[in-house]
Amino acid sequence: MRSAKPNISLQKLVQVEVVDQHIEMDGEIESQKRRGRSNDDLITEQSGSLGCIGSFLVILSGLFTILLFPVTIWFCFRIVQEYERAVIFRLGRIMDRKAKGPGIFFILPCTDSIIKVDLRTVSFDIPPQEILTKDSVTVSVDGVVYFRVSDPISSVANVSNADLSTRLLAQTTLRNVLGTKNLAELLSDREGISHSMQSSLDEATDPWGIKVERVEIKDVKLPHQLQRAMAAEAEATREARAKVIAAEGEMNASRALKEAALVIGEAPAALQLRYLQTLNTIAAEKNSTIIFPLPMDLISHFIKK
């Protein structure tokens, strides 16, 4: 029976870990499905058949390209870099579910247009924001955000300016997250606040094809009056702690002196030895003045006379 209990607890721990892993995988799958549904809706709504007029214009553009081949070849081929992707619009409709690139590809000069999207990680500073914390303290906080484009089609078709929208959303998210924190939490739990902001931003920018990789809190500026108050509070705390330590030291010293007095009272010769030790210490420092103590009994005898 004793060996069965640890096995049961171990099985429970394993089951909890498996459940957490399944929850994380389900969240990622739902995010991918949501992104896939948005792209599918975008493709099905915007890249259907071109119609009779559209087909006629595409055929006419192809004939025009063939007839003027030596000249139009310079307008038919496009090159995108390794870190770029190209979204192709044909008569205003997205051609394919996947962006083109990197490398060289062919387009029709009159009916096709392309938009290049940079896939490299972009960083920007969040301007200092005046924020009122949960305990009614006004602070100025700034930060930095790192993000990249994970889906070029969504970043072009679902938002007019993904970069500007992400910057504005980062400012509002910083205000919303820090508004629910106390000043002590803001100063001590920056890593947790950064992770909370990253998850909020990543979830909000997922339909735009943006992946927020990292969010960091750079600086927290407090009002000067609050800084002086906190410094005075810390100084008072240190002084109180120093007084307590000094009092404890005096109490320990008094206990030690009491024990020494009891030992000397039991052996009167110990007082004479202590006196000789004191004279030895004074003589070692080469002083010309030597204090010679006299018993109070002798002095009192002369005073009575």
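This write-up is about the structure you can find in this document.

Conventions used here
Residues numbered from 1 in each chain as written. Predicted model: local features only at pLDDT ≥ 70, side-chain atom pairs only at ≥ 80, totals over all residues. Heavy atoms only, no water. Patch = residues over 30% accessible without salt bridge, like charges linked within 9 Å, V, L, I, M, F, W, Y side chains within 5 Å. Areas by Shrake-Rupley, 256 points an atom, 1.4 Å probe, with all protein chains shown as cover. Salt bridge = Lys/Arg side-chain N within 4 Å of Asp/Glu carboxyl O. Lys, Arg positive; Asp, Glu negative; His and termini not counted. Charge placed at Lys NZ, Arg CZ, Asp CG, Glu CD. Helix = DSSP H or I, 4+ residues; strand = E, 2+ residues; numbered from the N terminus. Buried < 20%, exposed > 50% of the residue type's maximum accessible area, 1.4 Å probe, protein only. 1 Å grid on protein atoms, 1.4 Å probe; cavity = no way out; pocket = protein on both sides within 12 Å on 5 of 7 lines; lining within 4 Å. Points joined across faces, edges and corners; volume = space filled by probe spheres on them. Nonpolar A, V, L, I, M, F, W, Y, C, P; charged D, E, K, R; others polar. Pairing = 2+ DSSP bridges. Axes fitted to C-alpha atoms, helices over the stretch in contact; angles between N-to-C directions. Parallel < 35°, antiparallel > 145°, perpendicular 65-115°, else oblique. Left-handed = near helix turned anticlockwise from the far one by under 90°. Contact = heavy atoms within 4.5 Å.

### Here we look at a negative patch on the surface
- Taken together, the side chains of Asp135, Glu185, Asp189 and Glu191 make up a negatively charged region of the molecular surface.
- Tracing the backbone shows Glu191 in helix α7 (residues 190–205).
- Accessibility expressed as a relative area gives 60% for Glu191, which makes it exposed.

### Description of empty space enclosed by the protein
- In the structure shown here, the tally under the stated rule is one cavity of 30 Å³ or more.
- Here the largest cavity is characterised by a volume of approximately 50 Å³.
- Taken together, Ala86, Val87, Ile88, Ile94, Met95, Asp96, Lys98, Ala99, Lys100 and Ile153 form the lining of the largest cavity.
- For the lining of the largest cavity, the class distribution of residues is seven nonpolar, no polar and three charged.

### A closer look at the sheet that holds strand β2 (residues 84–90)
- The three strands are arranged β3-β2-β5 in an open sheet whose pairing can be described as antiparallel. Two strands in the sheet have a free side with no partner beyond their single neighbour: β3 (93–94) and β5 (112–118).
- Note: β2 against β3, two bridges, orientation antiparallel. In the sheet register, Phe89 faces β3, and the bridge partner there is Ile94.

### Some remarks on the packing of helix α5 (residues 162–178) against α7
- Two elements in contact, α5 and α7, have axes whose closest approach is 10 Å; the angle formed by their N-to-C orientations is 135°. It follows from the interaxial angle that α5 and α7 lie oblique. The two elements α5 and α7 meet at a crossing, and its hand is right-handed. Contacts between α5 and α7 involve Thr166, Leu169, Ala170, Thr173, Leu174, Val177 and Leu178 on the former and, on the latter, Ile193, Ser196, Met197, Ser200, Leu201, Ala204 and Thr205.

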